[in-house]
Amino acid sequence: HVSSVSVYDPSTAPQGVVRFKDIMALYENAIYDVPMLRRRLVQVPGNMDFPYWIEDPDFDIEFHVRHIALPQPGDWRQLYIQLARLHSRGLDMQRPLWEIYVIEGLNNLDGIPGRSFAIMQKLHHAAVDGDSVQRMFLAMHEMDPQAPARSSHRSQPLIRETRPGTLPLLLKSYQRSLGRPFKLSKALARTIGGRRRVDAARKAGELGEPVESPKCRFNGDISPHRVVTDAQFDFDELKALRHAVPGATVNDLAIAVIAGALRLYLEDKGEPVDQPLVTQIPVNIRTESQQREHGNKITYFNVSSCSHIADPLERLQGIHQSTAAGKRELEIVGDSVNEDMADALGPHVTKAIFRLMENTGRIQALTNLMPGGPNFAFSNMPGPPVPMYLCGAELVWGIGLGPLMPNVGLFITAYSGLGRFVFGVTACRSMMPDPEFFQQCLYDAYAEVKAALQGPARKNAPKKRRKTAK
């Protein structure tokens, strides 16, 4: 699952108060407009097919929306600990795959107004991706704090499906399985053709060699425990600094900062930094016709973080080249090839592959057999460019918390909006026992990047056009 955490200032709400029942009513109303909130999975007997979505016949809003509070003094450290505990717990797979926690007691967060409250949304990645999360976010918020409350009393009843019986499920699974040989041959042909085009592009010099990840402390058996921290920066300043390398993106610069922080962190642990760590970046592959659909429509590509390069300017140049090559390779191979292959292989083979991936960190023979995965993952989810309000309370801060994948114990998100660029760090606690130190590494790395890039960024910044007098 993924989580988003938003902090709200209730002073902008009518009478300066937001009650838990107001938030409950908001989500009770949203289940009519966001079908994903009502849907649960139905497993097929014998794992004969991938699970199906149905409208939950036993939906209970009070199970999904919960109310807790931090102990005093309610500072950042206590919030991080609470978020890590909540994020480490799996979702109930027998219910719609989401939970909401309204967290009060945020009384001593530096930079955050007093009496603020947080909302943590846990959502399974099978049900949502970044694009569908953004649409859900917009459905829950208003641009005016005085907007009238949405009615929670709908005239039309909710759709409630009965759970399909075993025989209908097996018959439908059998029908789908008949087409899998054809799908597999088609997916294999696309995969082989894509790899041939990639090899041809490499021989022609259009692409460099594939990135290979070294082993580091963030690869191995993932514990059930998590740590959470953040680091926030001025978004306008960050956008200006990226011009130090023509064509570089905000994501390129964000990875350069993370790579610098990882250098500092690993050096402190006495671990080598002479090989570049590899990051995995998810990509939205929704077509125009799929924009209104919920669910997960992403693929990914791997990028060198160039963490072996000490000079921030050279590091950003290397990252920009690597991300451009990764995007180009994804275009050549086809963005939906992984999804098509998984569907063609069916649930048994796909599950076996994921089991191998999960055990790679603890079984040395599998470590030698399986191809090297990324060292960490990075994802950027743009936030709102204008002030937004939930039940009249203004959104003042937010981060995203990503899922830890098999053998990859570090996931860093970026949340940009309202002038802030906020890194959200989720890590395996045994791999990163000191998240407050890594937080400081992010700030120190950004200071290094800023000092090195300010001059080149000013030199390469796009010239503002002068308005001609009429």
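Residues numbered from 1 in each chain as written. Predicted model: local features only at pLDDT ≥ 70, side-chain atom pairs only at ≥ 80, totals over all residues. Heavy atoms only, no water.

### Thoughts on the overall build of the chain
The number of helices and strands found in the chain is 12 helices and 14 strands. Relative to its 470 residues, the chain shows a buried fraction of 47%. Within the chain, counting contacts between residues at least 6 apart in sequence, those at least 24 apart form 78% of the total. Surface summary for the chain: the accessible area is close to 23,100 Å², and the carbon and sulfur share equals 54%. (Helix = DSSP H or I, 4+ residues; strand = E, 2+ residues; numbered from the N terminus. Buried < 20%, exposed > 50% of the residue type's maximum accessible area, 1.4 Å probe, protein only. Contact = heavy atoms within 4.5 Å. Areas by Shrake-Rupley, 256 points an atom, 1.4 Å probe, with all protein chains shown as cover.)

### Structural notes on a nonpolar patch on the surface
Where nonpolar side chains cluster on the molecular surface, the patch consists of Val349, Ile353 and Phe354 and spans about 240 Å² of accessible area. Structurally, the position occupied by Ile353 is in helix H10 (residues 337–359). (Patch = residues over 30% accessible without salt bridge, like charges linked within 9 Å, V, L, I, M, F, W, Y side chains within 5 Å. Salt bridge = Lys/Arg side-chain N within 4 Å of Asp/Glu carboxyl O.)

### Description of the environment of Asp230
Within the secondary structure, Asp230 is located in strand S7 (residues 226–234). Given a relative accessible area of 2%, Asp230 falls into the buried group. Asp230 sits 209 residues away from Gln439 along the chain, and the two C-alpha atoms are 6.4 Å apart. Other than its neighbours up to four places away in sequence, Asp230 contacts Tyr80, Trp397, Ile399, Val422, Phe423 and Gln439.

### Quick look at the nonpolar core
Counting residues in hydrophobic clusters, the biggest one holds 55 residues, and the most contacted among them are Phe378, Leu410, Phe423, Met432 and Phe438. Of the residues forming this core, the biggest block, 11 residues, is contributed by helix H8 (residues 250–268). In contact with Phe438, other than residues within four places in its own chain, are Ala261, Leu262, Tyr265, Ile412, Val425 and Met432. Formed by 33 residues, the second largest nonpolar core is a distinct cluster that contains Met24, Tyr27, Ile61 and Ile100. (Core = buried A, V, L, I, M, F, W, Y, C linked by side-chain atoms within 4.5 Å.)

### A look at the sheet that holds strand S13 (residues 410–417)
Strand pairing in a sheet takes place through backbone hydrogen bonds and is either antiparallel or parallel in direction. The strand order across the open sheet formed by six strands is S7-S14-S13-S10-S8-S9, and the pairing between neighbours is mixed. This sheet does not close on itself; its edge strands, each paired only once, are S7 and strand S9 (298–304). Taking the axes of each pair of neighbouring strands and ignoring which way they run, one obtains an average angle of 25 degrees across the sheet. Sheet analysis places strand S10 (residues 376–382) next to S13, joined by six bridges and oriented parallel. Residue Asn380 lies in a different strand from S13, and its bridge partner there is Ala414. Lying on the sheet, helix H3 (residues 76–88) is in contact with S7 and strand S14 (420–428); it crosses S7 at an angle near 125 degrees. (Pairing = 2+ DSSP bridges. Axes fitted to C-alpha atoms, helices over the stretch in contact; angles between N-to-C directions.)

### Overview of the pattern of salt bridges
For the coordinates displayed, the defined rule picks out 19 salt bridges. In this structure, Arg66 engages Glu99 in a salt bridge whose closest nitrogen and oxygen atoms are separated by 3.6 Å. Of this pair, Arg66 sits in strand S4 (residues 65–69) while Glu99 is found in strand S5 (residues 98–106), placing the two residues 33 residues apart along the sequence. Residue classification places Glu99 among the buried residues on the basis of a relative accessible area of 5%. In this structure, Glu329 and Arg202 form a salt bridge, with 3.2 Å as the shortest nitrogen-oxygen distance. Remark: Arg202 occurs in helix H6 (residues 180–203) and Glu329 occurs in helix H9 (residues 312–333); sequence separation between them is 127 residues. One continuous salt-bridge network, built from bridges that share partners, spans Asp49, Arg176, Arg180, Lys183 and Asp343.

### Side note on the sheet that holds strand S6 (residues 116–123)
The strand order across the open sheet built from six strands is S4-S5-S6-S1-S12-S11, with neighbouring strands paired in mixed fashion. Every other strand in the sheet has two partners, leaving S4 and strand S11 (389–390) as the edge strands with one partner each. Where strand S1 (residues 2–9) lies against S6, seven bridges are found, and the strand directions are antiparallel. Of the residues in S6, the one forming a bridge with Ser4 is Gln121. Along the sheet face, helix H1 (residues 20–33) touches S4, S5, S6 and S11 and points at about 155 degrees away from the line of S4.

### So, the packing of H8 against helix H12 (residues 435–460)
The relative placement of two packed helices comes down to the angle between their axes together with the axis-to-axis distance. It is the contact of H8 with H12, at a shortest axis distance of 8 Å, that shows an interaxial angle of 125 degrees. Classified by the angle their axes make, H8 and H12 are oblique. For the pair H8 and H12, the sense of crossing is right-handed. Of the residues in H12, those touching H8 at Leu253, Ala256, Val257, Ile258, Gly260, Ala261, Leu262, Leu264, Tyr265 and Asp268 are Phe437, Phe438, Cys441, Leu442, Asp444, Ala445, Tyr446, Glu448, Val449 and Leu453. (Parallel < 35°, antiparallel > 145°, perpendicular 65-115°, else oblique. Left-handed = near helix turned anticlockwise from the far one by under 90°.)

Remember, this is a structural readout, not a statement about activity or role.
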